[in-house]
Amino acid sequence: MTDIEMRRIRGGSVTLHDERRKIQRVVELEDFEIGVFAITEEQFAEILPVPSQHPRRPAADVSWLRAVHFCNAASEWEGLEPVYRFDGEDVTWDPTGEGYRLPTEAEWEFACRAGSSGPHYAPLADAAWTSADAVRTPQDVGGKLPNLNGLFDMLGNVWEWCWDYLDPARYDEYRVFRGGGYADDAWSVRAGVRRGGAPRMHHADVGLRVARGAFDTPGAAQGWSASADRERAAFDGPVPFGWTPLARR
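Computed from a predicted structure; not experimentally measured. (Residues numbered from 1 in each chain as written. Predicted model: local features only at pLDDT ≥ 70, side-chain atom pairs only at ≥ 80, totals over all residues. Heavy atoms only, no water.)

**Observations regarding the overall build of the protein chain**
Stage number 1. Of the regular secondary structure elements, the protein chain holds six helices and 13 strands.
Stage number 2. Taking 249 residues into account, the globule formula puts the C-alpha radius of gyration at 18 Å, and the protein chain, at 17 Å, falls close to it.
Stage number 3. Counting only C-alpha atoms and orienting by the principal axes, one finds that the protein chain spans roughly 50 × 40 × 35 Å.
Stage number 4. Counting every position in the protein chain, which comprises 249 residues, the buried fraction comes to 52%. (Helix = DSSP H or I, 4+ residues; strand = E, 2+ residues; numbered from the N terminus. Rg over C-alpha atoms; globule rule 2.2 N^0.38 Å. Buried < 20%, exposed > 50% of the residue type's maximum accessible area, 1.4 Å probe, protein only.)

Following this line, the structure appears as structure tokens:
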């Protein structure tokens, strides 16, 4: 497989916001690694049986389930222990494993911000492919300025899947994607913007960037925990119209 270039990110803290519940929390992160680029069509096609028409473009139209399968397959290719376990379409993560995985939402935002406190790590026109560029497809990776961590396309080009649930009380099994895409206006292409989709959902502007890093506590790491997922899924009282809460499946 074409090498996946990784960058080591020193640990630190990041503040995550939950707009629906109007709360914020500070997450303390240990060191981890994250891809310098989004996974490209070429890399994706080398691991999974899909065509690659534009080798240097980020792999897009990728569902969350296919993204986690790619992570396991890439781990096996490099002789690493896969970190995801499957029971049908139910996926669990072993944080003690060293293999490739999706970043947690906290890791993604911390790596994206690279020490900045504003919505962008550089002037947006210089850092991100957005609707202002009037392009109709993802663009080759690395065509805009990197952030201070040396990471390219953290904003714009394609959204990137994370491990975490979006809001299990409201959106059931939806998973988070971050960063904005080539068709989005500036308002959506910000370090703090959260979107999400069902595990089988795939769109032309959603791809992935891999991370690595092993941690000591099963069931919890880098701002995520299985117990917190259960607490977030709990909802007492009448369910508002349009909600599909995980706790009531």
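On we go from here.
**Some points on the sheet that holds strand 10 (residues 206–207)**
Stage number 1. Taken in spatial order, the four strands make up an open sheet running 9-8-7-10, and their pairing is mixed. Here the strands that pair on one side only, and so sit at the sheet edges, are strand 9 (194–197) and strand 10.
Stage number 2. As paired strands, strand 7 (residues 159–165) and strand 10 are joined by two bridges and run parallel to one another. Following the sheet pairing, E160 is matched in strand 10 by G207. (Pairing = 2+ DSSP bridges.)

**Some words on the packing of aromatic side chains**
Stage number 1. On inspection of all chains with the given rule, the structure shows 11 aromatic pairs.
Stage number 2. Judged by centre distance (5.1 Å) and plane angle (10 degrees), the rings of F44 and F70 are stacked. On the criterion of sequence distance, the pair formed by F44 in helix 1 (residues 41–47) and F70 in helix 2 (residues 64–77) is long-range, its members being 26 residues apart.
Stage number 3. Consider the rings of Y84 and W163, whose centres lie 5.4 Å apart with planes at 20 degrees: the pair is stacked. Remark: W163 occurs in strand 7 and Y84 occurs in strand 5 (residues 84–87); sequence separation between them is 79 residues.
Stage number 4. On the basis of relative accessible area, W163 is assigned to the buried category, the value being 3%.
Stage number 5. Within the aromatic cluster, the residues linked to one another by ring pairs are W64, Y84, W93, W163 and W224.
Stage number 6. The ring of W187 has R190 sitting right over it, with the charged end atom 3.7 Å from the ring centre.
Stage number 7. Lying across the ring of Y100, R212 places its NZ or CZ 5.6 Å from the centre. (Phe/Tyr/Trp six-rings, centres within 6.5 Å; stacked < 30°, edge-to-face > 60°. Lys NZ or Arg CZ within 6 Å of the ring centre and 35° of its normal.)

**Section: the side chain of E41**
Stage number 1. Note that E41 resides in helix 1.
Stage number 2. R57 is the oppositely charged side chain nearest to the buried, salt-bridge-free E41, at an N-O distance of 5.3 Å.
Stage number 3. Look past the residues within four positions of E41 in its chain and what remains in contact with it is S52, Q53, H54, P55, R57, P58 and A59. (Lys, Arg positive; Asp, Glu negative; His and termini not counted. Salt bridge = Lys/Arg side-chain N within 4 Å of Asp/Glu carboxyl O. Contact = heavy atoms within 4.5 Å.)

**Some details on the environment of E98**
Stage number 1. For E98, the location among the structural elements is in the loop between strand 6 (90–93) and helix 3 (105–113).
Stage number 2. Residue E98 is classed as partly exposed on the basis of its relative accessible area, which comes to 45%.
Stage number 3. Between the alpha carbons of E98 and H54 there is a distance of 30 Å; along the sequence they are 44 residues apart.
Stage number 4. Among residues more than four places away in sequence, those in contact with E98 are L80, V83, R212 and A214.

**Observations regarding the environment of A128**
Stage number 1. Mapping A128 onto the fold places it in the loop between helix 4 (124–127) and strand 7.
Stage number 2. Residue class for A128 comes out buried when judged on its relative accessible area of 1%.
Stage number 3. Sequence separation of A128 and N157 is 29 residues, and the distance between their C-alpha atoms is 6.5 Å.
Stage number 4. When residues no more than four places from it in sequence are discounted, the contact partners of A128 are D133, K144, L155, G156 and V189.

**What about unusual backbone geometry?**
Stage number 1. A positive phi angle is found at A134, which is not glycine, with a value near 55 degrees.
Stage number 2. Tracing the backbone shows A134 in the loop between helix 4 and strand 7.
Stage number 3. Non-glycine residue D172 carries a positive phi angle of around 55 degrees.
Stage number 4. For D172, a relative accessible area of 13% translates into the label buried.

All quantities given are derived from atomic positions and should not be read as evidence of function.
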